[in-house]
Amino acid sequence: MVATARRCARLAPVWLMLLALCGCGVEPKVEDLRTVKRPDTPNTYLICAPDLCMAPADEAGPLVDLPAEKVLVAALSVAAREPNVMPGDVDAAINQLVFVQRSAVLRFPDIVSIQAIPAPGGKTAIALYSRSVYGHYDFGVNKARARRWMAAIQAELAKK
């Protein structure tokens, strides 16, 4: 019992630091996904149509025969159904929405940006960039989130 109490006392500063980090306000900013510079860390995931983003995408994004406004409305609908999501910044000039999604237990913030990019032939490309604010590895969380959100956006658009 005494050993457990000592161990907990040694870990208290670590827990306090984690709680302080989780409580920090995050102010996500708009970054045009066509020109975004990705970090060297493996805690991001970018979905973007070929030749539309300068940074290498992890997978190709879809092209849809719908206007950007409908894509963004679908993205808002998807974000509203996701847990622990707060709206961030919006840039109507480049058709981008930014959200913060926090992890369930420790409330770590991740940033999700969705952009509707005009593409050749009157189509709209959907780009999505999910990234961690803290840490180096994300254990596939951003990849899973990006794929889940993109699939949900496409399903929402299919209803239209």
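Definitions and limits used
Residues numbered from 1 in each chain as written. Predicted model: local features only at pLDDT ≥ 70, side-chain atom pairs only at ≥ 80, totals over all residues. Heavy atoms only, no water. Disulfide = S-S within 2.5 Å. Buried < 20%, exposed > 50% of the residue type's maximum accessible area, 1.4 Å probe, protein only. Helix = DSSP H or I, 4+ residues; strand = E, 2+ residues; numbered from the N terminus. Expected span 1.5 Å × (residues − 1). Arc of directions from axis to C-beta. Core = buried A, V, L, I, M, F, W, Y, C linked by side-chain atoms within 4.5 Å. Contact = heavy atoms within 4.5 Å. Salt bridge = Lys/Arg side-chain N within 4 Å of Asp/Glu carboxyl O. Pairing = 2+ DSSP bridges.

**Q** Which residues make up the state of the cysteines, and what values do they have?
**A** Taken as a whole and judged by the stated rule, the model has 1 disulfide. Linked covalently through their sulfurs, Cys-48 and Cys-53 form a disulfide whose S-S length is 2.0 Å. The disulfide joining Cys-48 to Cys-53 has a torsion of about 80° about its S-S bond and is therefore right-handed. In this structure, Cys-48 and Cys-53 share a single accessibility class: buried.

**Q** Can you break down helix 2 (residues 68–81) residue by residue, with the values?
**A** Taking 1.5 Å per residue as the helical rise, helix 2 with its 14 residues ought to reach 20 Å, and the 20 Å between its terminal C-alpha atoms agrees with that figure. The set of residues buried in helix 2 consists of Ala-68, Val-71, Leu-72, Ala-74, Ala-75, Val-78 and Ala-79. Looking down the long axis of helix 2, one finds its buried residues gathered within 160° of arc, a one-sided arrangement. In helix 2, the exposed positions angled more than 90 degrees off the buried face are occupied by Glu-69, Ala-80 and Arg-81.

**Q** An account of the nonpolar core is needed here, citing residue identities and associated values.
**A** Judged by nonpolar contacts, the single largest core of 23 residues is most densely connected at Phe-99, Ile-114, Ile-126, Leu-128, Trp-149, Ile-153 and Leu-157. Those elements that provide at least two residues to this core are strand 1 (44–47), helix 2, strand 4 (96–102), strand 5 (109–119), strand 6 (123–132) and helix 3 (141–158). The dominant element in this core, judged by the number of residues it contributes, is helix 2, at 7 residues. Ignoring sequence-local partners within four residues, the contact set of Trp-149 consists of Val-78, Ala-79, Glu-82, Val-85, Phe-99, Gln-101, Val-112, Ile-114 and Leu-128.

**Q** Kindly report on the pattern of salt bridges, identifying the contributing residues and their values.
**A** Taken as a whole and assessed by the stated rule, the structure comprises 9 salt bridges. Note that Arg-38 is salt-bridged to Asp-58, the shortest N-O span being 2.7 Å. With Arg-38 in the loop between helix 1 (2–23) and strand 1 and Asp-58 in the loop between strand 1 and strand 2 (63–64), the pair connects residues that are 20 residues apart, well separated along the chain. For Arg-38, a relative accessible area of 23% corresponds to the partly exposed category.

**Q** Kindly report on the pairing of strand 4, identifying the contributing residues and their values.
**A** Most of strand 4 sits out of view: 7 of its 7 residues are buried. Here strand 4 shows no split at all, with Gln-96, Val-98, Val-100 and Arg-102 on one side and Leu-97, Phe-99 and Gln-101 on the other all buried. Both strand 3 (residues 85–91) and strand 4 contribute to a ladder of 5 bridges, which runs antiparallel. The residue bridging Met-86 from the neighbouring strand is Val-100, located in strand 4. Hairpin connection of strand 3 to strand 4: 4 residues between the antiparallel strands, including Asn-95 at a positive phi of 55°. One ladder, built from 7 bridges, connects strand 4 with strand 5; its direction is antiparallel. Along strand 5, the bridge assignment pairs Gln-101 with Asp-110.

Remember that the coordinates give geometry; whether it matters functionally is a separate question.
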